[in-house]
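Below are the chains, spelled out letter by letter.
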Amino acid sequence: MNAFRSIEWLDEGIVRMLDQRKIPRETVYNDYTTHSEVAQAIKDMVIRGAPAIGAAAAYGLALTAHHSQVADAETLRAELADASNVLARSRPTAVNLFWALNRMNDRIADPALDSVVTLQKATLAEAHAIAEEDVAINKAIGKNAQSLIPQKATIIHHCNTGSLATVDYGTALGVIRMAHELGKDIFALLDETRPRLQGGRLSAYELKEQGVPFKVIVDGASGHFMRTLGVDLCVVGTDRVAANGDVANKIGTYNLAVVAYENGVPFYVAAPTTTIDMATKHGDEIEIEERPANEITHVRDCQITPDGVEVGNPAFDVTPAKYITAIITEKGLVYPPFNETLEKLMG
Ligand code: MRU
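About the cut-offs
- Residues numbered from 1 in each chain as written.
- Predicted model: local features only at pLDDT ≥ 70, side-chain atom pairs only at ≥ 80, totals over all residues.
- Heavy atoms only, no water.
- Core = buried A, V, L, I, M, F, W, Y, C linked by side-chain atoms within 4.5 Å.
- Buried < 20%, exposed > 50% of the residue type's maximum accessible area, 1.4 Å probe, protein only.
- Helix = DSSP H or I, 4+ residues; strand = E, 2+ residues; numbered from the N terminus.
- Near = heavy atom within 4 Å.
- Polar contact = N/O pair within 3.5 Å; in protein donor to acceptor, adjacent residues only side chain to side chain.
- Areas by Shrake-Rupley, 256 points an atom, 1.4 Å probe, with all protein chains shown as cover.
- Nonpolar A, V, L, I, M, F, W, Y, C, P; charged D, E, K, R; others polar.
- Domains from an automatic or database assignment.
- Contact = heavy atoms within 4.5 Å.
- Buried area = accessible area lost by both parts, 1.4 Å probe.
- Salt bridge = Lys/Arg side-chain N within 4 Å of Asp/Glu carboxyl O.
- Pairing = 2+ DSSP bridges.
- Axes fitted to C-alpha atoms, helices over the stretch in contact; angles between N-to-C directions.
- Arc of directions from axis to C-beta.

Another point: the nonpolar core. Formed by 43 residues in total, the largest nonpolar core has its most connected members in I7, M17, V38, Y59 and L61. When contributions to this core are tallied by element, the ones reaching two or more residues are β1 (7-10), β2 (14-18), α1 (35-44), α2 (50-67), α3 (73-88), α4 (95-108) and α5 (116-145). One finds I156, I217, A221 and V241 within the second-largest nonpolar core, a separate group that totals 28 residues.

This is how it looks when you write it as structure tokens:
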């Protein structure tokens with residue numbers, strides 16, 4: 001498995017994931033053979049990031065099909081429907097999870113798949129297709145973004161949106177990586193991203209390996225750097241884009257967008273079209289996941305707050321469309337008014 005690939009299928013019916021909770025201190029791969037284990041791995045954030053969660057759910061269904069002992073296609077379909085419901089309950093905000101399950105379920109429903117073996121093969125082939133398409137989509141996002149990235153640029157990035165958050169390459173971090181690979185003089189400021197530190201741990205790990213110059217900053221420092229250092233742009237990923245252009249992303253994205261707006265810094269959102277949810281009219285309709293209190297009260301095993309304090313731990317926030325300069329997709333750049341341009345893009 002290449003160093004940053006988040007997930008892989010092994011022919012003996014195993015899904016292997018790089019355990020992102022342990023990076024950068026340890027590189028550990030976990031093997032899974034059931035959809036319930038995959039659902040738990042998504043909940044526990046062994047794998048995280050919207051596109052990676054979608055691919056994991058697809059492979060979760062492929063595991064159920066592969067290991068099934070049933071004798072006929074209809075019974076296998078019933079098993080897969082149960083598995084799909086379990087996977088759908090793993091995390092609520094990233095629409096890629098539901099998009100991938102819907103795509104898998106459409107394939108599974110094909111009446112031409114009339115035996116256990118044909119259904120098993122088709123389920124795995126569809127999961128592979130979702131994973132491989134994701135890598136190609138990310139590279140197309142990286143290319144499409146380049147007209148927005150000056151030859152020399154200081155860029156703020158939030159959370160982790162790289163190879164680890166996708167199947168490989170990455171969306172917003174992929175944009176930064178590609179700019180660097182193209183020889184641009186890029187300096188990244190990585191928000192550490194409290195409380196799970198996806199920026200300080202994961203994005204820093206990726207950019208360090210790729211040789212992209214960067215500094216890790218605390219989330220509250222972005223305004224200071226915009227005023228003092230001069231920041232050319234911000235680029236972030238997203239877990240769901242609503243039809244009006246509101247975007248849900250890692251908690252703190254909204255603050256960053258408002259500060260960027262106030263300082264006249266362009267704010268770009270990199271999103272595969274699989275993250276655009278035209279059925280969600282605006283950001284207030286997006287379910288925001290609430291994570292356990294110990295993510296805030298503790299750093300690893302060390303308690304940092306007084307005993308018994310109340311904690312609010314929303315994993316995501318919604319950035320209203322008015323703060324977003326453009327959305328970068330694999331199909332091209334999308335500008336305001338997003339309710340019109342997204343409609344056109346998504347057909
Ligand atoms: O809670 P996480 O780590 O799954 O949140 C991830 C993010 O918010 C990413 O920015 C988003 O999924 C886009 S990843 C290409």
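Attention shifts here to the site of the ligand. As a matter of local geometry, the ligand sits amid 18 residues, with R48, A50, Q198, N249 and K250 nearest to it. One nitrogen or oxygen atom from the side chain of R48 is found 2.8 Å from an oxygen atom belonging to the ligand. Residue D239 places a side-chain N or O atom 2.9 Å away from an oxygen atom belonging to the ligand. For the ligand, the accessible surface in isolation is 410 Å², of which the surrounding protein chains cover 99%. Of all the secondary structure elements, the ones that give two or more residues to the shell around the ligand are α2 and β9 (247-250). For the shell around the ligand, the class distribution of residues is six nonpolar, eight polar and four charged. Residue contributions to the shell around the ligand reach at least three from each of two domains, namely domain 1 (7-139) and domain 2 (144-346).

Assigned domains within the chain: domain 1 (7-139) and domain 2 (144-346). Taking only C-alpha atoms into account, the centre of domain 1 sits 26 Å from that of domain 2. Counting residues at the interface gives 32 residues for domain 1, matched by 33 residues for domain 2. Summed over both partners, the interface of domain 1 with domain 2 buries about 2900 Å², with 56% contributed by carbon and sulfur atoms. If you look at where domain 1 meets domain 2, you find one salt bridge. Here R91 makes a salt bridge to E289, at a shortest N to O gap of 2.8 Å. Between the two partners, domain 1 and domain 2, sit 17 residue pairs in polar contact (both at pLDDT 80 or more). Elements with a minimum of two residues in the side of domain 1 that touches domain 2: α1, α2, α4 and α5. At six residues, the largest contribution of residues to the side of domain 1 that touches domain 2 is made by α5. Among the residues making up the side of domain 1 that touches domain 2, the classes are represented as 17 nonpolar, six polar and nine charged.

With that settled, consider the sheet that holds strand β14 (residues 316-319). Strand order in this open sheet of four strands is β11-β8-β9-β14, and the pairing throughout is mixed. The two strands at the open ends of the sheet, each matched to only one other strand, are β11 (276-277) and β14. Here β9 runs beside β14; their pairing, made up of four bridges, is antiparallel. Counted as the bridge partner of V247 is T319 from β14. Strand contacts of helix α9 (residues 253-262): β9 and β14, with the helix running at about 30 degrees to β14, the strand carrying the most contacts.

In this section: α9. Listed as buried for α9 are T253, L256, A257 and A260. Projected down its long axis, α9 shows its buried positions confined to an angular sector of 100 degrees, all on one face. Residues of α9 that are exposed and angled more than 90 degrees away from the buried face: N255 and E262. Just downstream of α9, G264 is the residue with a positive phi angle, here 65 degrees.

Moving on, we come to unusual backbone geometry. Keep in mind that most residues, glycine aside, have a negative phi and that most peptide bonds are trans. Residues R194 and P195 are joined by a peptide bond in cis, for which omega reads 0 degrees. On the secondary structure map, P195 appears in the loop between β5 (185-191) and α7 (198-210). Each neighbour pair has its own omega, and for P336 with P337 the value is 0 degrees, a cis peptide bond. With respect to the helices and strands, the residue P337 is situated in the loop between β16 (332-334) and α11 (338-346). Backbone geometry at T193 places phi at a positive 75 degrees, although glycine is not the residue there. Mapping T193 onto the fold places it in the loop between β5 and α7. The class of T193 is buried, set by a relative accessible area of 0%. In this structure, R300 is a non-glycine residue whose phi angle is positive, near 50 degrees. Residue position: R300 is located in the loop between β12 (298-299) and β13 (302-303).

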